Amino acid sequence: MSRIIKAGWAGVATLLAFLAVPAQSDTTIGPRTQPPYPDWLTTRMETLRHQDPKAMLLGDSLIAGWPPDLARRLFDAEPMNFGAGGDTTGNLLWRVRQSFGPGMGLRSALILVGTNDLPNRSAAEIAGSIEAIATDVKRSAPSACVTLLTLLPRHDGNAAFAERIMDVNRRLAALAGPGLRVVDANTPLRDACPAEGACPLYKDPVHLTRAGYERLTAAVGKAGCE
């Protein structure tokens, strides 16, 4: 049995109904009501509690869609995929705070989240929430290495989003330090795609094809700290 704090597990379904708590910025910390909540939430968080994985991927649909065979290349242990489609940074921060706790055996975590915040959050708010996620993961597993991926390029033609992504990524790069690695996931994808038209690395304006994940996996290498 994992040593993760168990308080509140009997009421996971009830927690979904509570009012989201505003953070110091405008970022809202709380669950969503749309799928894959609540069924995914209850089963996946319960699995995390019992398994206490040594390696994890955390994020939104870009994490959820990472092919399992490629994800295994990132870690020295079998990873748990803790990605949820549609999640914002506030949704992921809530999931971490509800399911992580002191005594975790986690050794390595990879985080990619933030693209769903672009329509409603500033670069400072997005980067601040991502930093909070990494901080909470490290608080539960102080010896773990956390790898942050910068936000990926989008192919929706939104210049404001593109500018905000670069601003977020500059802020994330400044967070690198002991136990916290920041990987530029943006440049390898941006350089491989034409400025206009379709790109074989993307299946839509946001999500990657397998070829895109292969390039991203190669850019990350091992999700560890030097």
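As the structure is a computational prediction, the values presented were derived from the model and not from experiment.

Caption draft 1: Local environment of helix H5 (residues 89-99). Across the eleven residues that make up H5, a large majority, nine, are buried. Along H5, the residues classified as buried are Thr89, Gly90, Asn91, Leu92, Leu93, Trp94, Arg95, Val96 and Ser99.

Caption draft 2: Molecular detail of the pairing of strand E5 (residues 108-112). Extensive coverage of E5 is indicated by the burial of five of its five residues. Every second residue of E5 is oriented toward a common face, with Ser108, Leu110 and Leu112 on one face and Ala109 and Ile111 on the other, all of them buried. Pairing between strand E3 (residues 55-59) and E5: five bridges, direction parallel. Note that in E5 the partner of Met56 across the bridge is Ala109. Bridging between E5 and strand E6 (residues 145-149) involves four bridges; their strand directions are parallel. Directly across from Ser108, in E6, lies its bridge partner Cys145. You can see the chain leave E5, run along helix H6 (residues 123-140) and come back into E6, and the turn it takes is right-handed.

Caption draft 3: Geometry of the packing of H6 against helix H7 (residues 159-173). At their nearest, the axes of H6 and H7 sit 9 Å apart, and the two run at 40° to each other. One element, H6, and the other, H7, form an angle in the oblique class. The hand of the H6/H7 crossing is right-handed. Where H6 approaches H7, its residues Ala123, Ala124, Ile126, Ala127 and Ile130 are matched on the opposing element by Arg164, Asp167, Val168, Arg171 and Leu172. Split by residue class, the contact of H6 with H7 holds seven nonpolar, no polar and three charged.

Caption draft 4: Inspection of unusual backbone geometry at higher detail. Look at Asp52: it is not a glycine, yet its phi comes out positive at around 45°. Of note, Asp52 is situated in the loop between helix H2 (39-51) and E3.

Caption draft 5: Region of the structure containing the sheet that holds strand E7 (residues 180-183). In space, the five strands of this open sheet follow the order E4-E3-E5-E6-E7, with parallel pairing throughout. The two strands at the open ends of the sheet, each matched to only one other strand, are strand E4 (79-83) and E7. Averaged over all neighbouring strand pairs, the angle between strand axes comes to 15°, with direction disregarded. Relative to E4, E3 runs parallel, the two sharing five bridges. For Leu57, the partnering residue across the bridge sits in E4 and is Asn81.

Cut-offs applied
Residues numbered from 1 in each chain as written. Predicted model: local features only at pLDDT ≥ 70, side-chain atom pairs only at ≥ 80, totals over all residues. Heavy atoms only, no water. Buried < 20%, exposed > 50% of the residue type's maximum accessible area, 1.4 Å probe, protein only. Helix = DSSP H or I, 4+ residues; strand = E, 2+ residues; numbered from the N terminus. Pairing = 2+ DSSP bridges. Right-handed = clockwise from strand over helix to strand, strands pointing away. Axes fitted to C-alpha atoms, helices over the stretch in contact; angles between N-to-C directions. Parallel < 35°, antiparallel > 145°, perpendicular 65-115°, else oblique. Left-handed = near helix turned anticlockwise from the far one by under 90°. Contact = heavy atoms within 4.5 Å. Nonpolar A, V, L, I, M, F, W, Y, C, P; charged D, E, K, R; others polar.

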